[in-house]
Amino acid sequence: MSRTVFLNGVFLPEEDAKISIFDRGNLMGDAVYESTTVLDGKVIEFPAHMRRLERSMAELEIPAPMDPDAILAMHRELIVRNRLEEGLIYLQVSRGPADRDFPYPGNPTPTIFAFPQAKPWRQMPFVEKGLRVISVPDGRWARRDIKTVQILWASMSKMRALRAGVDDVLFVEDGYVTESSAANAFIIAGDRIITRPLSDEILHGVTRAVVLGFCKETGLTLEERPFTVEEAKSADEVFITASPLFATGVVEVDGVIIGDGTPGPKTRALREAHIRESLRTAL
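In this text, all values refer to a predicted model and were calculated from it rather than measured experimentally. (Residues numbered from 1 in each chain as written. Predicted model: local features only at pLDDT ≥ 70, side-chain atom pairs only at ≥ 80, totals over all residues. Heavy atoms only, no water.)

### Examining helix α8 (residues 265–281)
Over its 17 residues, α8 runs 24 Å from end to end, which matches the ideal 24 Å to within 8%, given 1.5 Å per residue. Every buried residue of α8 is accounted for by Thr267, Leu270, Arg271, Ala273, His274, Ile275 and Ser278. Lining the buried residues of α8 we find α4 (126–129), β10 (184–189), β11 (192–195), α6 (206–212), β13 (237–242) and β14 (246–253). (Helix = DSSP H or I, 4+ residues; strand = E, 2+ residues; numbered from the N terminus. Expected span 1.5 Å × (residues − 1). Buried < 20%, exposed > 50% of the residue type's maximum accessible area, 1.4 Å probe, protein only. Contact = heavy atoms within 4.5 Å.)

Printed below as a string of structure tokens:
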């Protein structure tokens, strides 16, 4: 069944959605995106996603094609038209079409599109089983804090993990874990939750911020610093966070079993607290 999608102010069947071959998102990777979770037919953490989208566009000097209220209305319309109960809305903004050249074109007309994807987030196998990961070098560009569409290294690394018979990767740079292929990374040691501080080296995750807000509630002390793969292997718990994943346990790192081989109790508590709060504040 064809989905209804959104392109430059128009709702239309997915097969009718077309963009120019000269779009800089296609030619130069000159585009940013957000992927917003939908639970029970409502959008989760929408204001935080819009703040990050605005920041990403500002960093790349892409003019905003719509204001946040209009984008929220568009999300809600996509949910209704597609009868989406659980899944996500993917939104992308590029600088728009222009002849191929390295300098930004003057007075660009951005391209904006969005589409839904149905996903049973709360019933995914990894919720109970956890994730198995391997460590790989972090070969991404140096401005990982901007949520651009330049995710080829993440895709290549994810394929490397799947071919190795595991679920995902932990990126490593100068001996320290940065992130997973598409999520922030954390370890729990005793009553401490350890994760990298915000910088250009990691994405400023929406879920990261929310989960860290529940530290005190779950009896954890926050320690923002880089950690090594060896620290992850010896940790009590390891988990990753992303908007559709909430807090998802990692149960194996480079063949070493973490804890008892299932998502740890503190990870589960963080996940459950986040889902409860997300549903309470959903739009």
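### So, the side chain of Thr267
Mapped onto the secondary structure, Thr267 falls in helix α8. Here Glu237 takes part through its side chain, which lies 2.7 Å from a polar atom of the side chain of Thr267. (Polar contact = N/O pair within 3.5 Å; in protein donor to acceptor, adjacent residues only side chain to side chain.)

### Brief notes about the pattern of salt bridges
One pass over the structure, following the stated rule, counts 25 salt bridges. Across the salt bridge formed by Arg122 and Asp40, the nearest N and O atoms sit 2.8 Å from each other. Taken together, the positions of Arg122 in the loop between β6 (111–118) and α4 and Asp40 in the loop between β3 (31–39) and β4 (42–43) put the pair 82 residues apart, joining distant regions of the chain. Overall, Arg122 belongs to the partly exposed group, its relative accessible area being 26%. Across the pair Lys233 and Glu230 runs a salt bridge, and its minimum N-O distance is 3.4 Å. A residue pair is termed a helical-turn pair when its members lie 3 or 4 positions apart in one helix, as Lys233 and Glu230 do in helix α7 (residues 229–234) at three residues. Exposure remark for Lys233: the relative accessible area of 22% places this residue in the partly exposed category. What emerges from the salt-bridge pattern is a single network uniting Arg55, Glu59, Arg143, Asp145 and Asp200. (Salt bridge = Lys/Arg side-chain N within 4 Å of Asp/Glu carboxyl O.)

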